[in-house]
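# Results of the structural survey
Chain residues, written in single-letter form:
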Amino acid sequence: MTIKTYEPQIIAAQPIGAWTGELFRRLVVEGLRGQLAVEGLTQPHWWTLNHAAGKPGGWTRTTLTERLTPYDDQGTAFDTVYDDLIARGWLTEDTDGALTLTEDGEAGRLRARERNLAIHERAHEGIGTDEFVTTVNVLRRMVANLGGNGNLPD
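Keep in mind it's a predicted model, so treat the numbers as computed, not measured.

Broken down by element type, the protein chain carries seven helices and two strands. Helices (α) and strands (β) of the protein chain occur, in sequence order from the N terminus, as α-α-α-α-α-β-β-α-α. By its C-alpha atoms, the protein chain is 60 × 35 × 25 Å across when sized along the principal axes. Here the protein chain, with 154 residues, has 24% of them falling under the buried criterion. A separation of at least 24 residues holds for 57% of the contacts in the protein chain among residues at least 6 apart in sequence. For the protein chain, the computed accessible surface area is about 10500 Å², with 57% contributed by carbon and sulfur atoms.

Moving on, we get to the confidence of the model for the protein chain. Fine structural detail should not be taken from predicted coordinates in areas where pLDDT scores are low. Averaged over all residues, the pLDDT of the protein chain is 92; the fraction at 70 or higher stands at 99%. Of all helices and strands in the protein chain, the one with the weakest mean pLDDT is helix α2 (residues 16-38) (85), whereas helix α5 (residues 78-88) scores best (98).

The next subject is the packing of aromatic side chains. Scanning the model with the defined rule gives one aromatic pair in all. Sitting above the plane of the tryptophan 59 ring, lysine 55 keeps its charged end 4.6 Å from the centroid. Lying over the aromatic face of tryptophan 90, arginine 88 brings its terminal NZ or CZ to 5.0 Å of the ring centre.

We now examine the pattern of salt bridges. Under the definition given, this model contains nine salt bridges. Between arginine 88 and aspartate 84 there is a salt bridge, and its shortest N-O distance comes to 2.9 Å. Residue arginine 88 and its partner aspartate 84 are located together in helix α5, separated by four residues, close to a single helical turn. Put simply, arginine 113 and glutamate 114 hold a salt bridge, and the shortest N to O gap is 3.8 Å. Here the residues in one salt-bridge network are Arg61, Asp79, Asp83 and Glu93, joined through shared partners.

The subject of this paragraph is helix α7 (residues 129-145). In this model, α7 (17 residues) spans 24 Å end to end at C-alpha, consistent with the 24 Å of a helix rising 1.5 Å per residue. Phi turns positive, to about 95°, at glycine 147, one or two residues after α7.

Inspection of the secondary structure assignment puts threonine 48 in helix α3 (residues 43-54). For threonine 48, a relative accessible area of 0% corresponds to the buried category. Polar side-chain contacts of threonine 48 include one of 2.8 Å to the backbone oxygen of proline 44. Non-local contacts of threonine 48, meaning those with residues more than four positions away in its chain, are made with Leu64, Leu68, Val81, Tyr82, Leu85 and Leu91.

Time to look at the packing of α2 against helix α6 (residues 103-124). Following both chains from N to C, one finds α2 and α6 inclined at 155°, their axes separated by 9 Å at the closest point. Compared by their axis directions, α2 and α6 come out roughly antiparallel. Crossing handedness for the pair α2 and α6: right-handed. On the side of α2, the interface is formed by Gly31, Leu32, Gln35, Leu36 and Val38, while α6 contributes Ala112, Arg115, Asn116 and Ile119. Among the residues forming the contact of α2 with α6, the class breakdown is five nonpolar, three polar and one charged.

Conventions and cut-offs
- Residues numbered from 1 in each chain as written.
- Predicted model: local features only at pLDDT ≥ 70, side-chain atom pairs only at ≥ 80, totals over all residues.
- Heavy atoms only, no water.
- Helix = DSSP H or I, 4+ residues; strand = E, 2+ residues; numbered from the N terminus.
- Buried < 20%, exposed > 50% of the residue type's maximum accessible area, 1.4 Å probe, protein only.
- Contact = heavy atoms within 4.5 Å.
- Areas by Shrake-Rupley, 256 points an atom, 1.4 Å probe, with all protein chains shown as cover.
- pLDDT = per-residue confidence, 0-100.
- Phe/Tyr/Trp six-rings, centres within 6.5 Å; stacked < 30°, edge-to-face > 60°.
- Lys NZ or Arg CZ within 6 Å of the ring centre and 35° of its normal.
- Salt bridge = Lys/Arg side-chain N within 4 Å of Asp/Glu carboxyl O.
- Expected span 1.5 Å × (residues − 1).
- Polar contact = N/O pair within 3.5 Å; in protein donor to acceptor, adjacent residues only side chain to side chain.
- Axes fitted to C-alpha atoms, helices over the stretch in contact; angles between N-to-C directions.
- Parallel < 35°, antiparallel > 145°, perpendicular 65-115°, else oblique.
- Left-handed = near helix turned anticlockwise from the far one by under 90°.
- Nonpolar A, V, L, I, M, F, W, Y, C, P; charged D, E, K, R; others polar.

So, in structure tokens, the structure goes:
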């Protein structure tokens, strides 16, 4: 789709919340959730798989739930997510409560990652790295200006 070109003063008067809301909720999140659903996953499943992959054996249910809850907008019962991934054989939990991704879990995570990358690539089409970096930095400053945390997640 070709988008129109507008004068800078018209663009500058646009409501940032309307544009970020449209992008975030309706297009990005719904697109990602749709792709994850193909694998029978939700966003909390995806987050869990990525955290377990990034820090093998370094998370327990409690520490991972504390980490993920701020990003959850669905009132997720994270124990249900962990139980589901364990039942699938994608995650294990040792006697100390450490969660570890299995080979099957890593394979599922990589399949879901490929699906998510397709959404990412579509969203970034025609947008250069410099433009994207500028956009993210502007949004980070706006978040901080309104009292939020403008830092990148650890």
